[in-house]
Amino acid sequence: MTHPDAFAPTPYAELNGVLAHLLAGAQAALKDNFVGAYLQGSFAVGDFTPWSDCDFIVVTHQDLSPDQLAALQALHEEIHTLPAPYWRTGLEGSYAPKAILRRYSTTPRDPPGEPRADDWGDPGMSGAPAKAYPFWYLDHGSKTLVRSEHDNSQVVRWCLREKGVALAGPDPKTLVDPVPPEALKAEVRATMDLCVAVGLEPMDMVAWQAFWVGLFCRILHTLETGEVTSKKAAMTWAEGALDPAWRGLISRAKALKKGDASSAEPSDPAEVAATRAFVRYAIGFADARARGR
């Protein structure tokens, strides 16, 4: 959808100022290579808060030229100097060539003239190996764009197509093909295994422990519905749909507010153990449901 005021796409004036700076800077840097700029993530799907990340996608006709990349690197350095203490570091997103964004594929795997070595580790995905085309990606809090497959996913495509907020450019439905429910489900099921492979780490703070609970509730909801919803909505669903034994753990995670002092406290070892047990349960629940279909 297109927001009625392209420079007030959120309820937060400081964030809107940062987004206006991002949009104007991206258009100036990309010139005729600019297609559109969009919000996805919580500001599209819902249940954002003043402490959410702000996830964006800028769509381009072609991948970035060296001059365009340099100009965008300078733009993101500049954004960190804006008078918006939280939101100037709260952006996260990618610059995606429209042909690659159209639908997920593992070919072409590498950008033209940029073959990745077999030992390449994705800086935006905990060092995961190369699998699909890496966009130019800005991590939360970072000033520097790096090559990453972080946003080259079915989940991002679904959110952008079905819920995306246009800051400028055409309706995102014209840029992204429908994401088949089974493809979305397969991707999030693989995410479960990836999370286990990294040891469900970090989990040293209360915020991280609650994050893992919310993430696995969200994955289970997608596996049930073939759609993406917010973590809050997914946890509300999970409180009623899953074994009642997990209701307390889920409710405590849902009640935690990012930005509260308690979120930065060390994790309770008992909650960490319960979270790891919940993840094992969630994987078993998912696989049992899949076998039953």
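Above: the structure in question.
In this text, all values refer to a predicted model and were calculated from it rather than measured experimentally. (Residues numbered from 1 in each chain as written. Predicted model: local features only at pLDDT ≥ 70, side-chain atom pairs only at ≥ 80, totals over all residues. Heavy atoms only, no water.)

Novice: Can you lay out the overall build of the chain for me, pointing to particular residues and giving the numbers?
Specialist: A count of helical and extended segments in the chain gives 10 helices and six strands. What you see for the chain is a C-alpha radius of gyration of 19 Å, in line with the 19 Å of a compact globule of 293 residues. Here the chain, with 293 residues, has 48% of them falling under the buried criterion. Considering only residue pairs separated by 6 or more positions, the chain has 69% of its internal contacts joining residues 24 or more positions apart. Separation between the mean location of the 29 positive side-chain charges and that of the 36 negative ones in the chain comes to 6 Å. (Helix = DSSP H or I, 4+ residues; strand = E, 2+ residues; numbered from the N terminus. Rg over C-alpha atoms; globule rule 2.2 N^0.38 Å. Buried < 20%, exposed > 50% of the residue type's maximum accessible area, 1.4 Å probe, protein only. Contact = heavy atoms within 4.5 Å. Lys, Arg positive; Asp, Glu negative; His and termini not counted. Charge placed at Lys NZ, Arg CZ, Asp CG, Glu CD.)

Novice: So what's going on with the pairing of strand S4 (residues 135–138)? Which residues, and what values?
Specialist: With three bridges joining them, strand S3 (residues 91–97) and S4 adopt antiparallel strand pairing. Bridging across to S4, Ser 94 finds its partner in Tyr 137. As paired elements, S4 and strand S5 (residues 145–148) share four bridges and run antiparallel to each other. If you follow Tyr 137 over to S5, its bridge partner there is Val 146. Joining the antiparallel neighbours S4 and S5 is a turn of six residues, in which Gly 141 adopts a positive phi near 85°. (Pairing = 2+ DSSP bridges.)

Novice: Outline helix H8 (residues 231–241), supporting the account with residue identities and numerical values.
Specialist: Among the residues of H8, those classed as buried are Ala 234, Met 235, Ala 238 and Glu 239. With its buried residues spanning 145° around the axis, H8 presents them on a single face. Structurally, H8 contributes buried residues whose contacts are with helix H7 (206–225) and helix H9 (247–255). (Arc of directions from axis to C-beta.)

Novice: Any chance you could break down the packing of aromatic side chains for me, citing the residues and the numbers?
Specialist: All chains considered together, the criterion is met by 14 aromatic pairs. Its end group placed over the ring of Trp 120, Arg 116 keeps NZ or CZ at 4.5 Å from the ring centre. (Phe/Tyr/Trp six-rings, centres within 6.5 Å; stacked < 30°, edge-to-face > 60°. Lys NZ or Arg CZ within 6 Å of the ring centre and 35° of its normal.)

Novice: Residues and numbers for the pattern of salt bridges, please.
Specialist: Summed over all chains, the structure comprises 15 salt bridges. Where Arg 102 meets Asp 177, a salt bridge forms, and the shortest distance between an N and an O atom there is 3.3 Å. Residue Arg 102 is found in the loop between helix H4 (98–101) and S4, and its partner Asp 177 is found in the loop between strand S6 (165–168) and helix H6 (181–197); the two are separated by 75 residues along the sequence. A salt bridge links Arg 116 to Asp 110; the shortest N-O distance between them is 2.7 Å. Through salt bridges with shared partners, a single network forms among Arg 109, Asp 110, Arg 116 and Glu 149. (Salt bridge = Lys/Arg side-chain N within 4 Å of Asp/Glu carboxyl O.)

Novice: So what's going on with the environment of Gln 27? Residues and values would help.
Specialist: Position of Gln 27 among the secondary structure elements: in helix H1 (residues 13–30). On the basis of relative accessible area, Gln 27 is assigned to the partly exposed category, the value being 33%. Linking Gln 27 and Leu 72, residues 45 residues apart in sequence, is a C-alpha distance of 9.9 Å. What Gln 27 contacts, discounting residues up to four positions off in sequence, is Phe 34 and Ala 168.

Novice: Which residues make up the packing of H1 against helix H3 (residues 66–79), and what values do they have?
Specialist: Relative to each other, H1 and H3 sit at 160°, their axes nearing to 9 Å. On the basis of their axis angle, the class for H1 and H3 is roughly antiparallel. Crossing hand, H1 versus H3: right-handed. Residues Val 18, His 21, Leu 22, Gly 25, Ala 26, Ala 29 and Leu 30 of H1 touch H3, and the partners they reach there are Gln 68, Ala 71, Leu 72, Leu 75, His 76, Glu 78 and Ile 79. Residues of the contact of H1 with H3, tallied by class, amount to nine nonpolar, four polar and one charged. (Axes fitted to C-alpha atoms, helices over the stretch in contact; angles between N-to-C directions. Parallel < 35°, antiparallel > 145°, perpendicular 65-115°, else oblique. Left-handed = near helix turned anticlockwise from the far one by under 90°. Nonpolar A, V, L, I, M, F, W, Y, C, P; charged D, E, K, R; others polar.)

Novice: If you had to explain the nonpolar core to someone new, which residues and values would you point to?
Specialist: Counting 34 residues, the largest nonpolar core has Leu 72, Trp 87, Leu 91 and Tyr 95 as the members making the most contacts within it. Those elements giving two or more residues to this core turn out to be H1, strand S1 (34–40), helix H2 (42–45), strand S2 (54–60), H3, S3, S4 and S6. At eight residues, H1 tops the list of elements feeding residues into this core. Among residues more than four places away in sequence, those in contact with Tyr 95 are Leu 22, Ala 26, Leu 30, Phe 56, Val 58, Leu 64, Leu 72, Leu 75, His 76, Phe 135, Trp 136 and Leu 145. (Core = buried A, V, L, I, M, F, W, Y, C linked by side-chain atoms within 4.5 Å.)

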